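# Fold and geometry: a report
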Amino acid sequence: TQRSLSEEMRARLPTTNKNAEEDGNIDVERNFNINGNDDDFDSSGAMKKKKSVSSSSLPSMMMVPKNPWLLLVLGILFGAFLPTFMKHKSVRIVHKHVKGAYKAHSEASKEYLKRYRETYLEEVKANVNNAETVMLLESVVKEEEKKVEEELVKEEVGAVTREEGGDIAFKTLENGNHVCLPLIYEEFSDLVSEEEMNESGTVMTRSECEWFARYIKVSIVASKMTSKCVPDDHVFSTLVNEHEWEVFTYAVQNVKSEKCLIDRLIILCLDEATALKCKYDGFTHCVQYVDTLGASDFMQNEYWRIVWLKSKMALALVSAKLTAFIHDSDVLFLKVPDMDRIIALDPTAEMFHQWEELNYTALFLKSSFEEESEPVDVPHKGLNSGQIVYLPTEKVHQGLLLSLRKGKEWGTNKNRLEQELLMSGMDDVGVKRTGLSYKYNSYCSTRSFNGEHEHLEEWITFHVNCAKGPELKMLVMREVQEDWIKHKSG
């Protein structure tokens with residue numbers, strides 16, 4: 001019986017390996033390496049063949065000694081080292097045809113382990129008369145078998161990948177759907193893809209999901225840094241590429257020396273050049289994005305991917321239980337925003353945003369305008385995604401996911417802006433949102449209703465929306481900066 005089972009297992013395993021070779025993948029292993037270590041490739045870039053435990057070693061493994069104590073030691077050693085055999089260092093395989101070979105390999109491995117244990121226990125019982133020793137050995141083997149089965153089940157459900165220190169996992173479920181936990185769960189699995197990014201950038205790929213583990217790790221570190229002006233677990237975050245770097249550095253000049261703010265600012269760099277400049281210019285937290293997103297003016301080139309990336313950033317930060325002020329790179333900071341003050345204006349709100357339009361002329365005619373709360377009887381409307389404070393609530397999480405789904409459905413249709421779909425998604429799930437104070441200003445509103453920059457000395461930020469291109473943005477910011485200095489000096 002022992003010989004026939006051994007032969008049967010040998011016959012089974014080579015068949016699986018043969019199928020893998022036909023797929024162009026030899027010895028596909030269970031654990032994927034996120035970092036893609038070069039040790040697993042030869043000089044030509046081809047994957048090296050891995051050594052594995054094959055059925056050719058079965059005859060020597062199946063030779064069972066007569067000494068029961070030696071049997072006990074061998075059994076324990078076998079159980080202890082078996083999980084290690086299944087965690088060899090490997091490379092991340094992303095091509096779909098590898099999955100078929102991997103699944104076949106996994107099935108054959110389960111059958112092999114099951115048959116081997118049955119044969120092993122039968123041999124032990126046949127050669128040991130001590131019932132207590134047999135029971136002990138059987139218990140040890142069953143325990144190890146349980147651990148191995150749990151690992152195999154986990155692998156069947158999905159290949160889980162994590163970066164050190166990250167809390168995000170990409171999974172492929174039994175039904176074939178993908179998830180990026182805890183950001184995107186099965187209900188919204190249509191927003192997750194193995195490798196294909198859609199045109200609007202609303203889908204999250206495996207590589208982007210894994211990258212967000214790093215973004216979250218850096219953000220959590222930032223949220224814990226000592227700060228006298230930003231509460232714990234509160235952060236600021238923006239995204240910028242080389243095309244807009246000069247605009248961004250000008251925009252933060254008034255607060256660059258405020259370490260309490262800069263230590264809480266996470267800068268998502270959209271290309272390598274920006275990442276280098278970010279570090280060179282002395283910013284604390286510079287995180288290079290997984291892809292390169294270059295120069296993109298309004299509704300041009302990578303515009304859609306960039307604007308929807310802000311919602312993904314919010315999704316990551318909210319899932320990490322952080323309160324986040326996410327802003328565009330063309331927001332001129334005149335002062336350090338007071339996060340406690342923002343939230344205190346409406347303790348019931350879960351989201352505070354810049355108004356898309358606000359009539360400053362009508363606002364300043366009211367004696368109560370300095371109260372900063374949402375104005376009454378003053379024309380204002382819409383949400384502008386250039387400045388938003390997100391609180392980490394479940395409704396906000398749901399609203400972000402629904403917004404991304406709406407964005408996927410609309411694609412790059414120029415009839416709907418990303419911020420309109422964001423507002424729609426938030427309203428659909430019942431997020432309590434309100435506008436930021438009038439002190440969080442914008443070019444769109446002031447050029448129509450406050451061209452003379454009235455009460456400029458009270459402004460906290462100024463978003464240079466409605467100004468296309470770095471040159472025009474710089475021109476408008478310089479005008480405001482110079483007027484702000486004059487207003488301050490009286």
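Below, the structure is looked at part by part.

About the criteria used
- Residues numbered from 1 in each chain as written.
- Predicted model: local features only at pLDDT ≥ 70, side-chain atom pairs only at ≥ 80, totals over all residues.
- Heavy atoms only, no water.
- Helix = DSSP H or I, 4+ residues; strand = E, 2+ residues; numbered from the N terminus.
- Buried < 20%, exposed > 50% of the residue type's maximum accessible area, 1.4 Å probe, protein only.
- Pairing = 2+ DSSP bridges.
- Axes fitted to C-alpha atoms, helices over the stretch in contact; angles between N-to-C directions.
- Core = buried A, V, L, I, M, F, W, Y, C linked by side-chain atoms within 4.5 Å.
- Disulfide = S-S within 2.5 Å.
- Contact = heavy atoms within 4.5 Å.
- Phe/Tyr/Trp six-rings, centres within 6.5 Å; stacked < 30°, edge-to-face > 60°.
- Lys NZ or Arg CZ within 6 Å of the ring centre and 35° of its normal.
- Arc of directions from axis to C-beta.
- Polar contact = N/O pair within 3.5 Å; in protein donor to acceptor, adjacent residues only side chain to side chain.

### A look at the environment of Ala344
Mapped onto the elements, Ala344 comes out in helix H11 (residues 339-344). The class for Ala344 is partly exposed, based on a relative accessible area of 49%. The spatial distance from the C-alpha of Ala344 to the C-alpha of Ser373 is 9.8 Å, given a sequence separation of 29 residues.

### Topic: the sheet that holds strand S9 (residues 331-333)
The three strands are arranged S9-S14-S13 in an open sheet whose pairing can be described as mixed. Sheet topology places S9 and strand S13 (440-442) at the edges, where each strand pairs with a single neighbour. The mean inter-strand angle of the sheet, taken between neighbouring strand axes irrespective of direction, is 20 degrees. Across three bridges, S13 lies against strand S14 (residues 461-463) in parallel orientation. Across the sheet, the residue bridging to Ser442 is His463, located in S14.

### A look at the nonpolar core
Ranked by internal contacts, the top residues of the largest apolar core, which has 54 residues, are Leu183, Ile184 and Tyr390. Of all the elements in the fold, those that place two or more residues in this core are helix H6 (206-223), strand S5 (234-240), strand S6 (265-269), helix H10 (303-319), strand S8 (323-327), strand S11 (380-390), helix H13 (394-410) and helix H14 (418-428). Top element by residues in this core is H10. It accounts for twelve residues. In this structure, Val252, Phe333, Leu391 and Ile460 belong to the second largest nonpolar core, which totals 28 residues.

### Description of unusual backbone geometry
Leu181 connects to Pro182 through a cis peptide bond whose omega is 0 degrees. Along the chain, Pro182 falls in the loop between strand S2 (178-181) and strand S3 (192-193). Located in the positive-phi region is Asp377, a residue other than glycine, with phi close to 60 degrees. By the secondary structure assignment, Asp377 is in the loop between helix H12 (360-364) and S11. A relative accessible area of 69% means that Asp377 is categorised as exposed. Unusually for a residue other than glycine, Cys466 sits at a positive phi of about 65 degrees.

### Side note on the state of the cysteines
In the structure shown here, the tally under the stated rule is four disulfides. Two residues, Cys229 and Cys260, share a disulfide whose sulfurs are 2.0 Å apart. With the S-S bond torsion at 110 degrees, the cross-link from Cys229 to Cys260 turns out right-handed. One end of the pair, Cys229, is in the loop between H6 and S5; the other, Cys260, is in helix H8 (residues 259-262), and 31 residues separate them in sequence. Disulfide partner of Cys444: Cys466, at an S-S distance of 1.6 Å. Looking down the S-S bond of the Cys444 and Cys466 bridge, the torsion is 90 degrees, so its handedness is right-handed. Of this pair, Cys444 sits in helix H15 (residues 443-449) while Cys466 sits in the loop between S14 and helix H16 (470-489), and the two are 22 residues apart along the sequence. Judged by its relative accessible area of 13%, Cys444 is buried. Each bonded cysteine in the protein chain gets a number by its place in the sequence, and the pairs come out as 1-2, 3-4, 5-6, 7-8.

### Focus: the sheet that holds strand S10 (residues 351-358)
Two modes of strand pairing occur in sheets, parallel and antiparallel, and in both the strands are linked by backbone hydrogen bonds. Within the open sheet, the seven strands sit side by side as S7-S6-S5-S8-S11-S10-S12. Their pairing is mixed. Where the open sheet ends on each side, the last strands, each with one partner, are strand S7 (285-288) and strand S12 (433-435). Along the sheet, successive strands turn relative to each other by an average axial angle of 35 degrees, direction set aside. Across three bridges, the pairing between S10 and S12 is parallel. From the neighbouring strand, Met351 faces S12, where its bridge partner is Arg433. Contacts from H10 reach S5, S6, S8 and S11, with the element oriented near 155 degrees to S5.

### Examining the packing of aromatic side chains
Using the criterion set out here, one finds 17 aromatic pairs in the structure. Ring centres 5.2 Å apart and planes at 85 degrees place the aromatic pair Trp211 and Tyr289 in the edge-to-face group. Placement of the pair is Trp211 in helix H6 and Tyr289 in the loop between S7 and H10, with a sequence separation of 78 residues. A residue is classified by how much of its surface remains accessible, and Trp211, at 6% relative accessible area, is buried. With a relative accessible area of 5%, Tyr289 lands in the buried category. Among the aromatic side chains, those forming a connected cluster through ring pairs are Trp211, Phe212, Tyr215 and Tyr289. The cationic tip of Lys256 hangs over the ring face of Phe283; the distance from NZ or CZ to the ring centre is 4.4 Å.

### Some details on the environment of Leu332
Locating Leu332 in the fold gives a position in strand S9. Given a relative accessible area of 0%, Leu332 falls into the buried group. Along the backbone, Leu332 and Phe462 are 130 residues apart, and their C-alpha atoms lie at a distance of 4.9 Å. Discounting chain neighbours no more than four positions away, the residues touching Leu332 are Tyr250, Ala251, Asn254, Ile460, Thr461, Phe462, Met477, Val480 and Gln481.

### Notes on helix H9 (residues 272-280)
Because the α-helix completes a turn every 3.6 residues, residues three or four places apart line up on one side. Buried within H9 are the following residues: Thr274, Ala275 and Cys278. Angularly, the buried residues of H9 cover 100 degrees about the axis, an arc narrow enough to put them on a single face. Residues of H9 that are exposed and point over 90 degrees away from its buried face: Glu272, Leu276 and Tyr280. Buried-residue contacts for H9 involve S5, helix H7 (245-251), S6 and S7. Where H9 begins, the side chain of Asp271 points an oxygen toward the backbone nitrogen of Ala273, at a separation of 3.3 Å. In the segment just after H9, Gly282 is the residue with positive phi, at about 85 degrees.

That is the geometry; function is a separate question.
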